[in-house]
There are 2 protein chains.
Amino acid sequence: MRIGELARRADCPVETVRYYEKEGLLAAPRRSGANYRDYGPPHLERLAFIRRCRSLDMSLPEIHALLDAIERPGADCAPIDALLDEHIGHVATRIADLNRLKEELDSIRVHCAGRRPASACGIVETLSRPAAKRARRASHVRGAK
Amino acid sequence: MRIGELARRADCPVETVRYYEKEGLLAAPRRSGANYRDYGPPHLERLAFIRRCRSLDMSLPEIHALLDAIERPGADCAPIDALLDEHIGHVATRIADLNRLKEELDSIRVHCAGRRPASACGIVETLSRPAAKRARRASHVRGAK
DNA sequence: CTTGACCCTGTAGCGGCTCCAGGGTTTGAA
DNA sequence: TTCAAACCCTGGAGCCGCTACAGGGTCAAG
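Residues numbered from 1 in each chain as written. Chains lettered and ligands numbered in written order. Predicted model: local features only at pLDDT ≥ 70, side-chain atom pairs only at ≥ 80, totals over all residues.

**Describing the environment of Leu-44 of chain B**
Residue and element names in this part refer to chain B. Put simply, the test is: The secondary structure listing takes helices from DSSP runs of H or I that are at least 4 residues long and strands from runs of E that are at least 2 residues long, numbered from the N terminus. In this description, any two residues whose backbone-derived C-beta atoms lie within 7 Å of each other are considered to be in contact.
With respect to the element layout, Leu-44 can be found in helix α3 (residues 41-55). Residues Leu-44 and His-87, spaced 43 residues apart in sequence, show a C-alpha to C-alpha distance of 25 Å. Excluding anything up to four places from it in sequence, Leu-44 contacts Leu-6, Arg-9, Ala-10 and Tyr-39.

**Focus: helix α1 (residues 3-10) of chain A**
Residues and elements named next belong to chain A. Counted only if it meets this: Each residue is classified by how many other C-beta atoms fall within 10 Å of its C-beta atom, where C-beta atoms are placed from the backbone; a count of 20 or more means buried, 12 or fewer means exposed, and values in between mean partly exposed. Within this analysis, the arc is defined by the directions that extend from the helix axis to the C-beta atoms.
Looking at α1, one finds that the buried residues are Leu-6, Ala-7 and Ala-10. Taken around the axis of α1, the buried residues stretch over an arc of 95 degrees, which confines them to a single face. Along α1, exposed side chains directed more than 90 degrees from the buried face belong to Gly-4, Glu-5 and Arg-8. Considering only its buried residues, α1 is in contact with α2 (14-22) and α3 (41-55). Where α1 ends, the next residue or the one after it, Asp-11, has phi of about 55 degrees, a positive value.

**Overview of the packing of helix α5 (residues 78-109) of chain A against helix α5 (residues 78-109) of chain B**
The line we're drawing: For every element, the axis is a line fit to its C-alpha atoms; helices are fit only across the contacting stretch, and the angle between N-to-C directions ranges from 0 to 180 degrees. Comment on the angle field: the value is read as roughly parallel under 35 degrees, roughly antiparallel over 145, roughly perpendicular from 65 to 115, and oblique elsewhere. Take the far helix as your reference; a near helix turned counterclockwise from it by less than a right angle gives a left-handed crossing, and one turned clockwise gives a right-handed crossing. Gly is put with the polar residues, along with every residue not named as nonpolar or charged; the nonpolar set is Ala, Val, Leu, Ile, Met, Phe, Trp, Tyr, Cys and Pro, and the charged set is Asp, Glu, Lys and Arg.
Two elements in contact, α5 of chain A and α5 of chain B, have axes whose closest approach is 9 Å; the angle formed by their N-to-C orientations is 155 degrees. Classified by the angle their axes make, α5 of chain A and α5 of chain B are roughly antiparallel. The two elements α5 of chain A and α5 of chain B cross, and the hand of that crossing is left-handed. Residue classes in the contact of α5 of chain A with α5 of chain B are distributed as 18 nonpolar, four polar and eight charged.

**As for the nonpolar core**
This is how it is decided: A set of buried Ala, Val, Leu, Ile, Met, Phe, Trp, Tyr and Cys residues, joined to one another through C-beta atoms within 7 Å, is what we call a nonpolar core.
Core analysis: the largest hydrophobic core is formed by 61 residues, its most contacted members being Ile-50, Cys-53 and Ile-80 of chain A together with Ile-50, Cys-53, Ile-80 and Ile-123 of chain B. In contact with Cys-53 of chain A, other than residues within four places in its own chain, are Met-58, Ile-63 and Leu-66 of chain A together with Leu-127 of chain B.

**Here we look at unusual backbone geometry**
Residues and elements named next belong to chain A. Positive phi, normally seen in glycine, also occurs at Asp-11, with a value near 55 degrees. Along the polypeptide, Asp-11 turns up in the loop between α1 and α2. Located in the positive-phi region is Asn-35, a residue other than glycine, with phi close to 70 degrees. Following the sequence through the fold, Asn-35 ends up in the loop between β1 (30-31) and β2 (37-38). Judged by local crowding, Asn-35 falls into the exposed class, with 6 C-beta atoms found within 10 Å.

**Overview of the protein's contact with DNA strand D**
Basically, it comes down to this: Nearness here is judged by the C-beta atom: place it from the backbone, and if it falls within 6 Å of a molecule or strand, the residue counts as near that partner.
Taken together, 20 residues form the shell around DNA strand D, and within it Ala-34, Ser-59 and Leu-60 of chain A together with Gly-4 and Arg-37 of chain B come nearest. Put simply, the parts of the chain that give the surface near DNA strand D at least two residues each are α2 and α4 (60-71) of chain A together with α1 (3-10) and α2 (14-22) of chain B. When grouped by side-chain class, the residues that make up the surface near DNA strand D number eight nonpolar, six polar and six charged.

**Some details on the packing of α1 of chain A against α3 of chain A**
Residue and element names in this part refer to chain A. At a minimum axis distance of 9 Å, the contact between α1 and α3 shows a crossing angle of 45 degrees. Classed by the angle they form, the pair α1 and α3 counts as oblique. The handedness of the crossing between α1 and α3 comes out as right-handed. Between α1 and α3, the contacting residues are Leu-6, Arg-9 and Ala-10 on the first element and His-43, Leu-44, Leu-47, Ala-48 and Arg-51 on the second.

**Here's the deal with the environment of Ala-78 of chain A**
By secondary structure assignment, the location of Ala-78 of chain A is in helix α5. As a C-alpha pair, Ala-78 of chain A and His-90 of chain A span twelve residues in sequence and 19 Å in three-dimensional space.

So far we have only geometry, and geometry alone does not tell us how the molecule works.
Following this line, the structure appears as structure tokens:
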């Protein structure tokens, strides 16, 4: 099957399929006479697996490591469990960070309810004062807008 | 004061100060004879404000809009309140998304406790099956690793 | 024989920095 | 006075995971 069909079946943009190939996550398939990529069912399975992991917010390096752990012949589950645990830890940390953040935003928000000149706005005043230091950890789980 | 002192006082990397200037968030200061940036107290105040907003996970365009709303002469609080409400909404959405994600990860995690060959791992099997579709909204509030 | 859907490669852009190379300046001590 | 360390400058590349081009080739239906 050609890239368009593969992409449709895996619910993944065509450009992203090519991107995964370039990044070494998805094996390069053989090519047709016209230099078109020609995929088989195993490619679809693998792509679907990758997409599933992405929908769980795993990073590409994490997915790479997971695929390696799965494909190492005779390997047991332990490294797979560990990878998942680590990812769950990332997510839990991010949730905790965002909950703290939301509390702080809410506490700032109560300082104003409109109908005042901006120069007297309690929100602006609060934002102008230094905050208690919040730790900023490195994390791959992404943003809130 | 020179850029190093400003950065130290605002607890902000020097490169980031230059970046904010390039992005139009922080006014370009006058220059010394040696072409060094020379800042005054208002610059420090403004930079501290920006950093405080960043620590609350606002995007640079959000901060820009906030500064505009504050500096429009005679403006009232309403647009400021609205900006903050919108941001709080982003954060709340991201928290809800991550909570759903964590539940799903936890439910996958219980399928394995090591000591099995990877080929029989319940986690791998679960990851290989399609998930219920989760909506993926655009958001600026960032990741969990 | 033309239209339109598909495919190819390569490159640039998003946000918000961070880091580097390759230079110039200032400051303090020997 | 001379030297090193610490500071400053600009411009450009890199991070992640795509996304969106530009500029071309291929193929099937009408």
